[in-house]
Amino acid sequence: GDMRFDDDELAVPQSKGEAKQPFVIGVGGGTASGKSTVCNMIIQQLHDHRVVLVNQDSFYRGLTAEELENVGEYNFDHPDAFDTEQLLDCLEKLKSCLPIQIPVYDFKRHQRSLDTVRKVNAADVIILEGILVFHDARVRGLMNMKIFVDTDADVRLARRIRRDTLERGRDVNGVIEQYAKFVKPAFDDFVLPTKKYADVILPRGGDNHVAIDLIVQHIRTKLGQHDLRKIYPNVYVIQSTFQI
Ligand code: ADP
Ligand code: C5P
Ligand code: MG
């Protein structure tokens, strides 16, 4: 028979934020496991979609003058080091297709930038990346897909020493001390226990091209089905990887 579409229904995906909710992906895992690398690979492969990357690091609380004086005693790997309420608020807004402002964090000063924020608009896909993105149940609840990047601890420590000395203004001894005192114990206590929430455990991070291709395929399938069912609720979907 002939298909008829209600005008209102057709207009919904473009005009109302809640009609087309973005697909939210969480990418967790230990320090220097390759989270940022994997996210960038996913984003490259999804070049024909609007993708926004949000880093949990952006929500680190700034240190007080007192905390700064004894920065070697500060635990940046404990869940309390992040402003999770603010992260949740930002993520909820993005999920409702509202624009947000994200703080810009400076790892050298352990502070947020006073004069710069990152303005982020609505997108088809939102990726939240960070060591503890699966720790808070409310944040987890907003995610459509959870990926845990699983890289051996020795590889991660080696990469962290190189990265933090080259990019984050640290010296080798400081990195190793911080790792033994805070990073490793917090990984065991807070990061590793969230692995059970993951839908996908990604061994070897960015080296695992097969798994990353599979993840991208899944996202494409979800985006296609999602949009089609909202726009043409009465049409039977045969080609599930249809792209808008
Ligand atoms: P995370 O975001 O989990 O902390 P990154 O993706 O930033 O990890 O990786 C940490 C460091 O290791 C970076 O300097 C990055 O360039 C490097 N790195 C990441 N993945 C690989 C890889 N597969 N091979 C070699 N170096 C890598
Ligand atoms: O990119 P990555 O996931 O490694 O970032 C998280 C790490 O950053 C944490 O393990 C924490 O120890 C470190 N960090 C730091 N100094 C800060 C903030 C975070 O060393 N000021
Ligand atoms: Mg990172």
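So, here's what we can say about the structure. (Residues numbered from 1 in each chain as written. Chains lettered and ligands numbered in written order. Predicted model: local features only at pLDDT ≥ 70, side-chain atom pairs only at ≥ 80, totals over all residues. Heavy atoms only, no water.)

## A short note on the overall build of the protein chain
Okay, step 1: Within the protein chain, the secondary structure is distributed over 8 helices and 7 strands.
Okay, step 2: Looking at the protein chain as a whole, 43% of its 244 residues qualify as buried.
Okay, step 3: Once local pairs closer than 6 in sequence are excluded, the contacts in the protein chain between residues at least 24 apart make up 74%.
Okay, step 4: When the accessible surface of the protein chain is totalled, it reaches about 13,300 Å², and 50% of it is carbon and sulfur. (Helix = DSSP H or I, 4+ residues; strand = E, 2+ residues; numbered from the N terminus. Buried < 20%, exposed > 50% of the residue type's maximum accessible area, 1.4 Å probe, protein only. Contact = heavy atoms within 4.5 Å. Areas by Shrake-Rupley, 256 points an atom, 1.4 Å probe, with all protein chains shown as cover.)

## Comments concerning the site of ligand 2
Okay, step 1: Around ligand 2, the structure places 17 residues, and the nearest of them are Thr31, Asp77, Tyr105, Arg160 and Arg163.
Okay, step 2: Note that a nitrogen atom of ligand 2 is positioned 2.7 Å from one of the side-chain N or O atoms of tyrosine 105.
Okay, step 3: Here an oxygen atom of ligand 2 sits 2.7 Å away from a polar atom, N or O, in the side chain of arginine 160.
Okay, step 4: Protein chains bury 99% of the 470 Å² of accessible surface belonging to ligand 2 in isolation.
Okay, step 5: Only α6 (153-167) and α7 (172-191) provide two or more residues apiece to the shell around ligand 2.
Okay, step 6: Residue composition of the shell around ligand 2, grouped by class: 7 nonpolar, 3 polar and 7 charged. (Near = heavy atom within 4 Å. Polar contact = N/O pair within 3.5 Å; in protein donor to acceptor, adjacent residues only side chain to side chain. Nonpolar A, V, L, I, M, F, W, Y, C, P; charged D, E, K, R; others polar.)

## Regarding the sheet that holds strand β2 (residues 51-55)
Okay, step 1: One open sheet holds the 5 strands; their spatial order is β2-β5-β1-β6-β7, and the pairing between them is parallel. Of all strands in the sheet, those with a lone pairing partner are β2 and β7 (200-203), marking the two edges. Averaged over all pairs of adjacent strands, the angle between their axes in this sheet comes to 20°, without regard to strand direction.
Okay, step 2: Bridge count between strand β1 (residues 23-29) and strand β5 (residues 125-129): 5 bridges; the pairing is parallel. What sits directly across from isoleucine 25, in β5, is isoleucine 127. (Pairing = 2+ DSSP bridges. Axes fitted to C-alpha atoms, helices over the stretch in contact; angles between N-to-C directions.)

## Focus on unusual backbone geometry
Okay, step 1: Positioned with a positive phi, alanine 32 is a non-glycine residue whose angle comes to about 55°.
Okay, step 2: Its place among the elements puts alanine 32 in the loop between β1 and α2 (35-45).
Okay, step 3: Note on alanine 32: relative accessible area 12%, which makes it buried.
Okay, step 4: Positioned with a positive phi, histidine 110 is a non-glycine residue whose angle comes to about 60°.

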